[in-house]
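Here is how the chains run, residue by residue.
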Amino acid sequence: MAPILSGKRIILGISGGIAAYKSVTLASRFTQANALVDVIMTHSAAKFVAPVTFQAITQRDVATDTFEFWHDAGRLRIGHVALAHAADLFIIAPATAHTIARLALGLSDDLLSITALSYKGPMLLAPAMETNMWTHPATMRNVQILGDWGVDFIGPAEGRLASGEVGEGRVAEPEEIFEVACKVIGRGGPLDGLRVVITAGGTREAIDPVRFMGNHSTGKMGVALARAARDLGADTVLVHAPLAVHPPGGVALVPVHTAYQMYAAVMEDLPQTDVLIGAAAVADYRPSASADKKLKKLPQQQIITLERTPDILQAVGQRRGNAYCPDPAGPDRQRPRLVIGFAAETNDLEANALGKLKRKNLDLIVLNDVSAADSGFAVDTNRVILFERDGNREDWPLMSKEEVAQAILQRVVARLGRLNWQKRRP
Ligand code: PMT
């Protein structure tokens, strides 16, 4: 679920291309997220998919005609004005070359373009057309004009096109459009202007070219945190080891494999990082040497010597000063405003978590009992206990990982407020 969309009014504009059929899935996705979806179709779009399909999916009227009136709070209002003024987000998917050109010229010769001209909020376009149309200087110029006005674009992707040819011009997938829509609508949220870096997944330490030491992390918890940060307006970075789930859209992805690579990626971003959340299960040890050829079976024992990897959170947590209150020791000592860790424990839960909070100098640690069937690795739920630096302890009930992530990010917002944090942007 994406609570950011709940109760929001979205205009879903559909222009005439075969990709219009994909917008049925998109309309359904938004409706399931409790958004109110007002579909506007051009006359050519209505030749590809019948308006009644969208009506059934959204359980709302579908508009195609400029001269339609709109029922709004007991009043009869001019359709395009009522729709444009009520909307929180305007998406056009698919956006054809013709529709993009009309928007860039400010034309208003059908319901979609006149509503777009009457609308002032965030707009997201998902272009779909033949490669030559997309790369044509006229289309590129129109995209540039709209981009300069603050319109967001997603895609087009490369792939098989309606003509049977392969090239750039395929509309983005509904799930990608959905994810980027969450980011666009979340802009200006309480974490706007902040950079939140999240680590996720289980690192892999090579034994030889075909084997590695790993763990059971799927990345579900870290991915949920990244979505929650993005939806609150943060500039979100996900430094992730291999994931068993789809990475979120609208988030900068930094794929890594090993603990050392994750350490390097986190350190590289550190000068810009405002909040670091470590949800990754990072290997504490790696083979001292990784064989460059596949190890063969031996009759006797095979002994692998291990060496320590860097502790990422400890290295960051123990820094002093931050971007807002620089430490005299210099910029290489900067610490993010908040450093948050997870503790994956099977025994002595509280003592181990408190030990990590102190040793790594964290602001907050999220303890999960990974021996419980409904918590920790791989499952969709988590039961966590929060320990804060000031001694505060909170036991949260069993929740979905999305809910846990949203609650943690709300705590980030509250803590930054308590620290009287100033947004970096003017
Ligand atoms: O990915 P999922 O399948 O959804 O599972 C979620 C999870 C169980 C992986 C997650 O909820 C979780 O507990 N992540 C932390 C796992 C872990 O490695 O915990 P730890 O107690 O060993 O480490 C404590 C903290 O230090 C963690 O924030 C960890 O990211 C960090 N760490 C650990 C070792 C190391 N070398 N560097 C680190 O930064």
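Keep in mind it's a predicted model, so treat the numbers as computed, not measured.

Visitor: Just to check I follow, could you spell out the domain arrangement of the protein chain for this structure?
Guide: Reports often express the size of an interface as the amount of accessible area lost when the parts come together. Splitting the protein chain by domain gives domain 1 (3–185) and domain 2 (190–418). A straight line from the C-alpha centre of domain 1 to that of domain 2 covers 37 Å. Both faces combined, the contact of domain 1 with domain 2 buries some 590 Å², and carbon together with sulfur accounts for 48% of it. Arg230 is the salt-bridge partner of Glu179, the closest N and O atoms lying 2.3 Å from each other. Tallied by class, residues from the side of domain 1 that touches domain 2 come to 4 nonpolar, no polar and 2 charged.

Visitor: For this particular structure, what's the right way to read the sheet that holds strand 3 (residues 62–63)?
Guide: Two pairing modes exist for strands in a sheet, parallel and antiparallel, and in both the strands are linked by backbone hydrogen bonds. Taken in spatial order, the 6 strands line up as 3-2-1-6-7-8 in an open sheet, and their pairing is parallel. Since the sheet does not close on itself, it has two edges, and those belong to strand 3 and strand 8 (152–153), each with one partner. One ladder, built from 6 bridges, connects strand 1 (residues 9–14) with strand 2 (residues 36–41); its direction is parallel. Residue pairing across strands places Arg9 opposite Leu36, the latter belonging to strand 2. The strands touched by helix 9 (residues 174–186) within the sheet are strand 6 (89–95), strand 7 (123–127) and strand 8, with strand 6 carrying the most contacts at an inclination of about 155°.

Visitor: Please clarify how empty space enclosed by the protein should be interpreted in this entry.
Guide: Over the atoms rolls a probe the size of a water molecule, and its path tells where empty space is left. In this structure the tally under the stated criterion is 1 cavity of 30 Å³ or more. Forming the boundary of the largest cavity are Ala19, Lys22, Ser23, Leu26, Ala93, Pro94, Val171, Ala172, Pro174 and Ile177. Put simply, the parts of the chain that give the lining of the largest cavity at least two residues each are helix 1 (22–32), strand 6 and helix 9. For the lining of the largest cavity, the leading source of residues is helix 1, giving 3 residues. Residue composition of the lining of the largest cavity, grouped by class: 8 nonpolar, 1 polar and 1 charged.

Visitor: Got a minute to help me understand the pattern of salt bridges in this structure?
Guide: For side chains bearing opposite charge, pairing can occur when the charged atoms are close. Evaluation of the coordinates by the stated rule reveals 26 salt bridges. One salt bridge in this structure joins Asp38 and Arg60, with 2.9 Å as the shortest N-O distance. Of this pair, Asp38 sits in strand 2 while Arg60 sits in the loop between helix 3 (51–58) and strand 3, and the two are 22 residues apart along the sequence. Residues participating in the shared-partner salt-bridge network are Glu179, Arg227, Arg230 and Asp231.

The rules behind these values
Residues numbered from 1 in each chain as written. Predicted model: local features only at pLDDT ≥ 70, side-chain atom pairs only at ≥ 80, totals over all residues. Heavy atoms only, no water. Domains from an automatic or database assignment. Buried area = accessible area lost by both parts, 1.4 Å probe. Salt bridge = Lys/Arg side-chain N within 4 Å of Asp/Glu carboxyl O. Nonpolar A, V, L, I, M, F, W, Y, C, P; charged D, E, K, R; others polar. Pairing = 2+ DSSP bridges. Helix = DSSP H or I, 4+ residues; strand = E, 2+ residues; numbered from the N terminus. Contact = heavy atoms within 4.5 Å. Axes fitted to C-alpha atoms, helices over the stretch in contact; angles between N-to-C directions. 1 Å grid on protein atoms, 1.4 Å probe; cavity = no way out; pocket = protein on both sides within 12 Å on 5 of 7 lines; lining within 4 Å. Points joined across faces, edges and corners; volume = space filled by probe spheres on them.

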